[in-house]
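Take a look at the letters that make up each chain.
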Amino acid sequence: MTRIVARASGLTEGVPATGLGRLDRAYGLAWLALAVVAAILSAIFLLPRATYSAAYVGDVLVALEGAYRIAEGQWPSVDFKSPLGFMSYWLPYIGWQTLGQFGGAMEFASVLLAVIVTPMAMIMAQARVGAILSALFSIWVFCLLVVPMEPGMPGTWSNQSMHYNRWGWPILSTILLLGIEPRDAMRPRWRTALDVAFVAVLLFFLFWLKVTYFAFGGAFLAMAFLIAPRLRWTAFAAGAAALVLVGLSGLAGLGIVEYINDIREAGAASGVVRGGFIGLIVNNALEFFLVAVMAAYLLTVTRPSLFDIAVFLFVPLAGMIILGQNHHDNGPLLLAFLFLYGARMHQGPPRPELPVLLLVVFAVPHMAQMAMSTLTFARNANAQSVAIGYPGFETYYVGDTRSNALSVVAAAEAPEQAFVAGRLIGSERHTHIYSQGEMLEMIGQGVTLLEENDLTDLRIIAFDFLNPFPMFVGAPPLAGIHIWFHPGRNISDGTLPPAGEFLAEAEVVMVAKLGFSDATALLWETYGDDVEDRYDLVGENDIWRVYRVRPDAG
């Protein structure tokens, strides 16, 4: 009887041709499981039409300010500096325009992206591994895309900050599926062409999201082209198609040259990698241990090729370097890819089910964190939480609004001494971390000062980490400057432009007495003399000084 080799759950076994129906049902159940999870999570995050940030609300406001700038006719990198690509702002913009409000815009963007990406992950995974592994991996892709949680952070810190990393990990992991040998050696060419199209589109997206993920996706294809004969032309076709798409987008005027310049400027300010690899290894010790068990097991039961060995070295190294650039310290889905790769490598006894078991053990703690974050969102994205409250932000809620302690923090007497989060003036000793409520009060006092002095229709720049004021008061945004100011990350004293360029369009300058970062001191040291020469101090309160350009200023 003709026998067909199949892997229904990551296992290698011979099954009669009459068993194809059971295999089809297994893969159908995998799609059903994905659909159920997707429907439940989409309902949880979309139906409230709200956003909840338990932490890092300032980072989310940067993304939404980018959406606001797009609505005002600006484009990332072309009209304002950003080392992040336009996809980081354009998808939230789509969410805002669809819902008519900022509350829920990030959630809408995440679900929209997940609905596009996850079927690609499932189709590519099912062509390569069994039903259980493909279902688990694809569900994980959907969850990481939509659940508002930085990978590795506590689940109670439900927030949409640094969404580009939460989107980048699963998309890069999906691209790497191309490196796994398909189960059907006689698969039709259109299936291979579909894989190439998926990888090319996803690489194009990563280029315009955060170029770090694009770089490692491209490096993986280059590695496959050089040392994996079976993948040579597939990898070449996918990489070439992605580069063609990127080139066409540049010709379409999306600012590819300006974007690359912004990336180079951020690299000059921060370096390629932030460092701290020992801490990252410790924080990911369990994941690395399970991967090491998997690799040791495969060495005893398979004859790995050069490409197999390269994959098991490349993926952990890529993950560590990417984490070295990020704020969070965990990127589990990229390492999870290795369990799928190992399951496909396996050819015999003694324990072929081990890759499946290890992936389940690997995934459980991370899925539990995602469940906690989802529950936190569901419990707090409602009117019982504190809303930001500005137009469009009536359903944007924040957590950690404990009793305000700003009254016990001495405001700086001079801008170059501005207090920054967690640091006493003139000291490296951490003394006070702002709550979300305190951040909102600081922003609120800035808005009040602008309103009291009739400055809400002018172009505003804030010498602080972020500048949400144009978005909150409906003012036109400035052009040609950074969308956020983070010393040592995207700005430094060696990369800031001359004052004539930096302040060219600024009609109002806000200088923080209590700032979110070291940006106030750096910006004042660089541009303070020009502010005092060209602007008049027209108002101040406990948190801010506000300057207006003189009518006769050159």
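The structure we're discussing is the one just above.
Residues numbered from 1 in each chain as written. Predicted model: local features only at pLDDT ≥ 70, side-chain atom pairs only at ≥ 80, totals over all residues. Heavy atoms only, no water.

Caption draft 1: View of helix H10 (residues 256-270). Its 15 residues give H10 an end-to-end C-alpha distance of 21 Å, which sits within 8% of 21 Å, the value for a rise of 1.5 Å per residue. For H10, the complete set of buried residues consists of Ile256, Tyr259, Asp262, Glu265, Ala266 and Ala269. Where the residues of H10 are buried, they touch helix H7 (189-207), helix H8 (211-227) and helix H9 (232-251). (Helix = DSSP H or I, 4+ residues; strand = E, 2+ residues; numbered from the N terminus. Expected span 1.5 Å × (residues − 1). Buried < 20%, exposed > 50% of the residue type's maximum accessible area, 1.4 Å probe, protein only. Contact = heavy atoms within 4.5 Å.)

Caption draft 2: Summary view of unusual backbone geometry. Phi angles above zero are rare outside glycine, and Tyr56 is one such case at about 55 degrees. By secondary structure assignment, the location of Tyr56 is in the loop between strand E3 (51-53) and helix H2 (57-71). Of note in this structure, Met162 is not a glycine but carries a positive phi near 50 degrees. Relative to the helices and strands, Met162 resides in the loop between helix H5 (131-146) and helix H6 (163-176). Met162 gets classed as buried once you look at its relative accessible area, which sits at 9%.

Caption draft 3: Here's a closer look at the nonpolar core. If you look at the biggest cluster of nonpolar residues, it comprises 162 residues, and the most contacted ones within it are Phe337, Ile388 and Phe393. Here Phe337 is in contact with Ser173, Leu176, Leu177, Ile180, Phe220, Val311 and Val315, once residues within four sequence places are set aside. In this structure, Ile481, Ile491, Leu496 and Tyr527 belong to the second largest nonpolar core, which totals 21 residues. (Core = buried A, V, L, I, M, F, W, Y, C linked by side-chain atoms within 4.5 Å.)

Caption draft 4: Representation of the pattern of salt bridges. For the structure on display, the rule yields 9 salt bridges. When the shortest N-O distance is used, the salt bridge between Arg187 and Asp195 registers 3.0 Å. Note on Asp195: relative accessible area 2%, which makes it buried. One connected set of salt bridges, linked through shared partners, spans Lys81, Asp262 and Glu265. (Salt bridge = Lys/Arg side-chain N within 4 Å of Asp/Glu carboxyl O.)

Caption draft 5: Local environment of the packing of H8 against helix H13 (residues 306-325). Taken N-terminus to C-terminus, the directions of H8 and H13 make an angle of 165 degrees; their axes are 11 Å apart at the nearest point. Between H8 and H13, the interaxial angle falls into the category roughly antiparallel. Crossing geometry of H8 relative to H13 is assigned as right-handed. Together, Thr212, Tyr213, Phe216, Ala219, Phe220, Met223, Ala224 and Ile227 of H8 and Leu306, Phe307, Ala310, Val311, Phe314, Ala318, Ile321, Ile322 and Gln325 of H13 make up the contact between the two elements. (Axes fitted to C-alpha atoms, helices over the stretch in contact; angles between N-to-C directions. Parallel < 35°, antiparallel > 145°, perpendicular 65-115°, else oblique. Left-handed = near helix turned anticlockwise from the far one by under 90°.)

Caption draft 6: Here's a closer look at the side chain of Arg344. You can see Arg344 is positioned in helix H14 (residues 332-345). Despite its burial, Arg344 remains without a salt bridge, the nearest opposite charge being carried by Glu181 at 4.4 Å. At 2.7 Å, the side chain of Arg344 and the backbone oxygen of Glu181 are in polar contact. (Lys, Arg positive; Asp, Glu negative; His and termini not counted. Polar contact = N/O pair within 3.5 Å; in protein donor to acceptor, adjacent residues only side chain to side chain.)

Structural measurements only, silent on function.
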